[in-house]
Structure formats: structure tokens, C-alpha cells
Amino acid sequence: MTVRLDIDGGIATVTFDRPEARNAMTWAMYESLASICEQLRGDDAVRVVRFRGAGGEAFVAGTDIAQFQTFRTGDDGVAYEERIEACIAGLESLEKPTVAVVEGWCVGGGLVIATVCDFRIATPSAKFGVPIARTLGNCLSVENVARLAAALGRPRALRVLLAADLLGADEALAAGFLHEVADDVGAASERFCKRLAQLAPVTQAVSKTALNRLLLRDLPDAQDLIRRAYGSDDFHEGVRAFVEKRPPRWTGA
């Protein structure tokens, strides 16, 4: 099992447990995450949900790029983004407070997962980014671009997406993206989760839902952008370069 659920005293902990690959997400892991979120949605005894990565080196280092080798057209990218959005939206719509506990790398799909959590606590060495302009040549869905822009601010979102910059914990804290930076994120997150669990759950639920409705209202359709990126020669070159362990050669085609 690569995504684990443990529940103790009203606090659920979801662990991405694939440390040999820096917890990079497989299709099966996304499906497990969606299933766990549905289970937690109906469990009123759980007051707070905490997400963390196993191994101490990464929260989640994106989606496993090797899986993209089967993609042939831009429509494959549209189908992929819709599939991932269903999982991400399921996590985001949990009415219980959610906390991402980040050690090390939090990139790509991992940054998206952390961003849809309500709070983030990280170690000083944590790194945040979506380096697809350097590594893969694909794109994010419009929903995830909106989430990043809201959480980081447009200027930092541009740096992350266009310049492939990685943000350190200090900058993420200063931007308000992180709730806390701590050497012992386990203890820090435990204290914070216990605090959240003592507060009014209905107030938490309706306030969170209102904020999410405001964030995602009236978003434009962007399937044309996804189709263009995933259907590009650059995307296929990015996948080949990753598998062959070499730098990609971008052409803009």
C-alpha cells in the first residue's frame, strides 16, 4: 500500500508512502487518496486530517513521470487533468480542516496537494515548486493555476510556473503560504491539529466551503491550453529526456 490512513483521537493522518521514489504519485496512489478522502468525508469522529510523506526527504515529488510514456495526443492530457482534478477536488472539499506536513521536496502534483490543504507546516529545508518548464513541458489545469495564484500571489506563481523557481521555507512562510516552519514538524503539526480539533466544526466547514466557492467561481474553460501543452513535441521530448536521464531539448513545437 502506498497511501496509508491512520486515525488516532479524532486526528486522521494520511501518509504518502513511496519513499524510494520521493513519494511520486502513481495512478493507483491518486485512486487511493480519493478513496481515503471519501472514507473520511463520512466519518464525523475525525475532526482534522493531516497529510505527510514518508521517508523524510519529500512530501510528494509530483506525479511519476514514467506514466506519461503512454500519452499520444493532447486529449490524453485533458483526460489526465480531469482525472487528477477529481481527486484534488475531493481532498479540497473535505469539510474538516486539513494540514500538510512538508519535509523536503514538495513539487509538481505534491505542491498542488499541499496547496489545497488548509494549512501547511514545513521543515526549514523544504522546497516548493512546479518545475515543469524545466523538466516536462506540460502545464497545470486552470483550477490548479487559480489555486497557486491565490495561495502564493500572482508574482510568485509566475516565478514558479514560468521560471521554474523553487521557493524555500522562509520565503513560503513570508508569503503566508506556510503556517509554521519547525525542525520537528511532527510535534508542531500534532499541537496544531489538536488545537483545530477543539474548535467549532460547523463554523470551520461553512467558512472553508465559502472560501473554496469564491476561489473556483467562474473559471474559464482551458482545455485548449491543456491540449496544446500535452500535444506538443516539447512534452514528448520532456518525457523521453526524463526516461533517458538527459536534459530536454526544447523546440517550442
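The paragraphs below set out a description of the structure included in this document. (Residues numbered from 1 in each chain as written. Predicted model: local features only at pLDDT ≥ 70, side-chain atom pairs only at ≥ 80, totals over all residues. Heavy atoms only, no water.)

## As for the environment of Val 160
To keep it simple, the criterion reads: A run of H or I in DSSP counts as a helix once it spans at least four residues, and a run of E counts as a strand once it spans at least two, with each numbered from the N terminus. Contact criterion: two residues are considered in contact whenever any of their non-hydrogen atoms come within 4.5 Å of each other.
Considering the arrangement of structural elements, one finds Val 160 in helix H6 (residues 154–162). Linking Val 160 and Val 130, residues 30 residues apart in sequence, is a C-alpha distance of 5.8 Å. Not counting residues up to four positions away in its chain, the partners in contact with Val 160 are Gly 129, Val 130, Leu 152, Asp 165 and Leu 167.

## Re the sheet that holds strand S5 (residues 98–102)
Rule in force here: The criterion for strand pairing is that DSSP finds at least two bridges linking the strands in question.
One open sheet accounts for 6 strands, arranged S1-S2-S3-S5-S7-S10; its pairing is mixed. Both edges of this open sheet fall to strand S1 (3–8) and strand S10 (180–181), since each of them pairs with a single strand only. Direction of pairing for S5 relative to strand S7 (residues 119–122): parallel, over a ladder of 4 bridges. Along S7, the bridge assignment pairs Val 102 with Ala 122.

## Here's the deal with the sheet that holds strand S9 (residues 167–168)
For sheets, the rule is that strands pair by backbone hydrogen bonds, running either parallel or antiparallel. Convention followed: Every axis corresponds to a line fitted to the C-alpha atoms, with the helix fit spanning only the stretch in contact, and the corresponding angles, defined between N-to-C directions, vary from 0 to 180 degrees.
Spatially, 4 strands are ordered S4-S6-S8-S9 in an open sheet, and the strand pairing comes out mixed. Edge positions in the sheet fall to strand S4 (58–61) and S9, since each has one partner strand and no second. Note: S4 against strand S6 (residues 105–107), 3 bridges, orientation parallel. Note that in S6 the partner of Ala 58 across the bridge is Trp 105. Against the sheet, helix H3 (residues 109–116) contacts S4, S6 and strand S8 (127–129), and its axis sits at roughly 90 degrees relative to S6.

## Digging into the side chain of Asn 144
You can see Asn 144 is positioned in helix H5 (residues 142–152). The residues contacting Asn 144, other than those within four sequence positions of it, are Glu 85, Ile 88 and Val 112.

## Observations regarding helix H2 (residues 74–92)
The following threshold applies: What a helix should span is 1.5 Å times the count of its residues minus one. With a 1.4 Å probe rolled over the protein chains alone, any residue whose accessible area is under 20% of its type maximum counts as buried; one over 50% counts as exposed, and the rest are partly exposed.
Between its first and last C-alpha atoms H2 spans 26 Å; for 19 residues at 1.5 Å apiece the expected length is 27 Å, and the two agree. Residues of H2 that are buried include every one of Gly 74, Gly 77, Val 78, Tyr 80, Glu 81, Ile 84, Glu 85, Cys 87, Ile 88, Gly 90, Leu 91 and Glu 92, and no others. The elements touched by buried residues of H2 are helix H1 (27–41), strand S3 (48–53), H3, H5, helix H9 (201–216) and helix H10 (223–230).

## Describing the nonpolar core
For clarity, the cut-off: Here, the term nonpolar core denotes a set of buried Ala, Val, Leu, Ile, Met, Phe, Trp, Tyr and Cys residues that are joined through side-chain atoms within 4.5 Å.
Residues Phe 16, Leu 33, Phe 51, Phe 59, Phe 68 and Phe 128 are the most contacted members of the largest nonpolar core, which totals 57 residues. Those residues in contact with Phe 51, other than ones at most four positions away along the chain, are Val 14, Phe 16, Leu 33, Phe 59, Leu 91, Thr 98, Val 99, Ala 100, Val 101 and Cys 117. Ile 11, Val 101, Phe 192 and Cys 193 belong to the second largest nonpolar core, which has 12 residues in total.

## Observations regarding the packing of aromatic side chains
What characterises a pair of aromatic rings is the spacing of the ring centres plus the angle enclosed by the ring planes. Our working definition: Under the pairing criterion, centres of Phe, Tyr and Trp rings, with the six-membered ring standing for Trp, must be within 6.5 Å; the plane angle then separates stacked pairs below 30 degrees from edge-to-face pairs above 60, leaving the rest tilted. Distance and angle both matter: a charge sits over a ring if NZ of Lys or CZ of Arg is within 6 Å of the ring centre and within 35 degrees of the ring normal.
Counted by the stated rule, this structure contains 15 aromatic pairs. Consider the rings of Phe 128 and Phe 177, whose centres lie 5.6 Å apart with planes at 80 degrees: the pair is edge-to-face. Taken as a pair, Phe 128 in strand S8 and Phe 177 in the loop between helix H7 (169–174) and S10 lie far apart in primary sequence, 49 residues in all. Here the aromatic residues Trp 27, Phe 68, Phe 71, Tyr 80, Tyr 230 and Phe 235 are joined through ring pairs into a cluster of three or more. For the cation-ring pair, Arg 120 lies above Phe 177, with the distance from its terminal atom to the ring centre recorded as 4.2 Å.

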